[in-house]
Amino acid sequence: MKRTLTVIGALLLLSAFVFPLMGWAEPDVVTLTYSDFFPATHVNGKMAAAWCKEVEKRTNGKVKITYEVDPSVKTKFELF
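These lines cover the structure that appears in this document, whether it is placed above or below. (Residues numbered from 1 in each chain as written. Predicted model: local features only at pLDDT ≥ 70, side-chain atom pairs only at ≥ 80, totals over all residues. Heavy atoms only, no water.)

**Notes on the overall build of the chain**
Link 1 in the chain: When you go through the chain residue by residue, the secondary structure sums to two helices and two strands.
Link 2 in the chain: For the chain, the N- to C-terminal ordering of α and β elements is α-β-α-β.
Link 3 in the chain: Counted over contacts in the chain with a minimum sequence separation of 6, partners at least 24 positions apart contribute 61%.
Link 4 in the chain: Summing over all exposed atoms, the chain offers an accessible surface of approximately 7000 Å²; the carbon and sulfur share of this is 66%. (Helix = DSSP H or I, 4+ residues; strand = E, 2+ residues; numbered from the N terminus. Contact = heavy atoms within 4.5 Å. Areas by Shrake-Rupley, 256 points an atom, 1.4 Å probe, with all protein chains shown as cover.)

This is the structure in structure tokens:
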């Protein structure tokens, strides 16, 4: 019984080091969507668009945020 637990423990420990080294594919660019109910001309809409560009700049283009303004949305609860 003790030997079985030792073998299982060794396999778990080995897998903890081997699986991360297998090179699981990570996306080159992560694309997110940011939706807002403020019009694009409103100060909050302008700040949100600037924030999206700043995130892309600070992550060297690895995170891109698509900023969407939907003028047909009347309340913030319709976004969800």
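**Quick look at the environment of phenylalanine 37**
Link 1 in the chain: Mapping phenylalanine 37 onto the fold places it in the loop between strand 1 (30-36) and helix 2 (43-58).
Link 2 in the chain: A residue is classified by how much of its surface remains accessible, and phenylalanine 37, at 29% relative accessible area, is partly exposed.
Link 3 in the chain: Sequence separation of phenylalanine 37 and aspartate 70 is 33 residues, and the distance between their C-alpha atoms is 5.9 Å. (Buried < 20%, exposed > 50% of the residue type's maximum accessible area, 1.4 Å probe, protein only.)

**Here's the deal with unusual backbone geometry**
Link 1 in the chain: Notably, asparagine 60 is not glycine yet its phi reads approximately 55 degrees, a positive angle.
Link 2 in the chain: Mapped onto the fold, asparagine 60 is located in the loop between helix 2 and strand 2 (63-69).
Link 3 in the chain: The class of asparagine 60 is exposed, set by a relative accessible area of 69%.

**Remarks on the pairing of strand 1**
Link 1 in the chain: In terms of strand pairing, strand 1 meets strand 2 through seven bridges, oriented parallel. Counted as the bridge partner of serine 35 is glutamate 68 from strand 2. (Pairing = 2+ DSSP bridges.)

**Some thoughts on the pattern of salt bridges**
Side chains carrying opposite charge are able to pair once their charged atoms draw close together.
Link 1 in the chain: Enumeration over the complete set of coordinates arrives at three salt bridges.
Link 2 in the chain: Notably, a salt bridge pairs lysine 57 with glutamate 54, separated by 3.9 Å at the nearest N-O pair. Taken together, the residues lysine 57 and glutamate 54, both in helix 2 and three residues apart, mark about one turn of the helix.
Link 3 in the chain: Accessibility expressed as a relative area gives 57% for lysine 57, which makes it exposed.
Link 4 in the chain: On the accessibility criterion, glutamate 54 (28% relative accessible area) is partly exposed.
Link 5 in the chain: One salt-bridge network, in which partners are shared between bridges, spans Glu54, Lys57 and Arg58. (Salt bridge = Lys/Arg side-chain N within 4 Å of Asp/Glu carboxyl O.)

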